[in-house]
Amino acid sequence: MRINSGRLLARIAALAEVSPISGGGNCRLALTPEDGHGRDLVVSWMKDLDLRVSIDVVGNVIGTWECAPGSPVMTGSHIDTVRTGGRFDGTYGVLAGLEVIQCLQDAGITPKRPLSVGFFTNEEGARFAPDMLGSLVYVGGMAVEDALDIVAIDGAQLADELEAIGYRGSHPCPGPTPHAFVELHVEQGPVLQSIGRRLGTVTGVQGISWQEVTINGQSNHAGTTPMSMRKDPAYVAGRIIVFLRELATRYGAPQVCTVGKVDLVPNLVNVVPATATLTVDIRNTDELTLQKAEHEFAEFLSHLADEENVTISSRQLARFEPVTFDERVVDIIDSVCASFAVAPHQLPSGAGHDAQMFARVCPTAMIFVPSINGISHNPAELTDDEDLVLGCDVLLHTMLRLANTSFTEENSR
Ligand code: HGY
Ligand code: MN
Ligand code: MN
């Protein structure tokens, strides 16, 4: 059995019309009105399939096809985007889940378990930190009250923004534990394309450390202040950016470091800034190496503050250890790929995903399809239609097999 490719691609195109940006991507920052419009469209598709739609206290939305007893096999991802997002990041996995259910309904095939497809709040973490927030709360990794109190980079509070778009639901968190969880996603990196593979079986997710670093110096006149007298947060921010690049180079792959956001105050041409605030994203597949990088960075900040006579403080925005997915689910995905005569490549995910949260509570793994030129978090994000369709076919058969699999202590590894 194969999915209805035209229907899948049409839904991807339709959702991409909700808050499009030039270059073919989307801007639907979490819990903005644009995110709300995207949510409304996907919920309407869930209702078209007669799914039972639940909205929980942090706005996670799950559509369940209650075709059988027991806990569901769940798939899903996110439909919020970064400000310069592509049209596939997250949305592909949600719409593929809808297609899987509709395809089975059309064929009159009833799985042995219910099937669910969800989209989870604020996966990107671009507006509210941390990322994967909705799925983290769903699995009990963060208290609901703490999540509702989170303030966005634009000053809005999460609870208010949920209310404003009509998605502050009543279903409690933690949510019901699925029988198994599988997420389909574009790779967002260059690996699969570089080795000519069409499918990836994802074995885990690398560790993520996000910090907000604030540098307090002294605003002063750009023309009159001798360089020897300056307490210049912009210069210090520059030193930090260079240090992080050099650290990643010294450590070598898979170490990555990113400064994605820099805010200067007062941010004027003729004023030595008073403060600089920047975000630091450090990731590694190995927890001890990630800790080593964090420690080295903290030491550097302390010395730099003394050297430049400024104060530097740091606030943790997100911290998730590396995750290893369940080998039984990985094996099922590999076997389904083989049934399509497509040899999958096993790899860890460089990006964070909702699946890494579900791995805490149930057997979980992911399926990747290639990203052309490895581009993502960019409107130019692109995956060939044939690969999008193949990935959804693999999701279909993976979910069916998961519905037929009992995960007992005996077969757990
Ligand atoms: O940051 C990430 O890896 C994901 O896009 N939230
Ligand atoms: Mn994503
Ligand atoms: Mn993303």
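Re the nonpolar core
By size, the foremost hydrophobic cluster in this structure holds 101 residues, and its most contacted members are V42, Y92, L98 and F325. When residues of this core are sorted by domain, at least three fall in each of domain 1 (5-205 + 322-411) and domain 2 (207-320). The residues touching Y92, leaving out its near neighbours within four places in the chain, are L8, I12, L184, H185, V186, V369, D387, L388, G391 and C392. The next biggest cluster of nonpolar side chains, apart from the first, holds 22 residues, and it includes A248, A276, L304 and V310.

Quick word on the domain arrangement of the protein chain
Domain boundaries assigned for the protein chain yield domain 1 (5-205 + 322-411) and domain 2 (207-320). Placing the centre of domain 1 and that of domain 2 at their C-alpha centroids yields a distance of 33 Å. In total, about 940 Å² of surface goes out of reach between domain 1 and domain 2, with carbon and sulfur atoms giving 69% of it. Counting the contacts that link domain 1 with domain 2 gives zero salt bridges. Our count for the contact surface shared by domain 1 and domain 2 stands at one residue pair in polar contact (both at pLDDT 80 or more). For the side of domain 1 that touches domain 2, the per-class residue count stands at 10 nonpolar, four polar and three charged.

Description of the coordination of the manganese ion (ligand 3)
All of the protein donors around the manganese ion (ligand 3) are D89 (OD), E124 (OE), E124 (OE) and H377 (NE2); their distances to the metal are 2.2 to 2.5 Å. Along the chain, the residues donating to the manganese ion (ligand 3) are arranged with the sequence spacing D-x34-E-x252-H. Here the manganese ion (ligand 3) and the manganese ion (ligand 2) are spaced 3.6 Å apart, and both take D89 as a donor. Here D89 is found in the loop between β5 (73-77) and α3 (91-107), whereas its partner H377 is found in the loop between β18 (364-369) and α12 (385-403), with 288 residues between them in sequence.

Brief notes about the site of ligand 1
Around ligand 1, a shell composed of E123, E124, D131, M132, W210, R283, A351, G352 and H377 is seen. Within the contact set of ligand 1, an oxygen atom lies 2.7 Å away from a backbone nitrogen or oxygen of G352. The separation between an oxygen atom of ligand 1 and a polar side-chain atom of H377 is 3.3 Å. Protein coverage of the free-state accessible area of ligand 1, which is 210 Å², stands at 96%. Residues that form the shell around ligand 1 fall into these classes: three nonpolar, two polar and four charged.

What counts, and at which threshold
- Residues numbered from 1 in each chain as written.
- Chains lettered and ligands numbered in written order.
- Predicted model: local features only at pLDDT ≥ 70, side-chain atom pairs only at ≥ 80, totals over all residues.
- Heavy atoms only, no water.
- Core = buried A, V, L, I, M, F, W, Y, C linked by side-chain atoms within 4.5 Å.
- Buried < 20%, exposed > 50% of the residue type's maximum accessible area, 1.4 Å probe, protein only.
- Domains from an automatic or database assignment.
- Contact = heavy atoms within 4.5 Å.
- Buried area = accessible area lost by both parts, 1.4 Å probe.
- Salt bridge = Lys/Arg side-chain N within 4 Å of Asp/Glu carboxyl O.
- Polar contact = N/O pair within 3.5 Å; in protein donor to acceptor, adjacent residues only side chain to side chain.
- Nonpolar A, V, L, I, M, F, W, Y, C, P; charged D, E, K, R; others polar.
- Donors = N, O, S within 2.8 Å, 3.2 Å for Na, K, Ca; no water.
- Helix = DSSP H or I, 4+ residues; strand = E, 2+ residues; numbered from the N terminus.
- Near = heavy atom within 4 Å.
- Areas by Shrake-Rupley, 256 points an atom, 1.4 Å probe, with all protein chains shown as cover.

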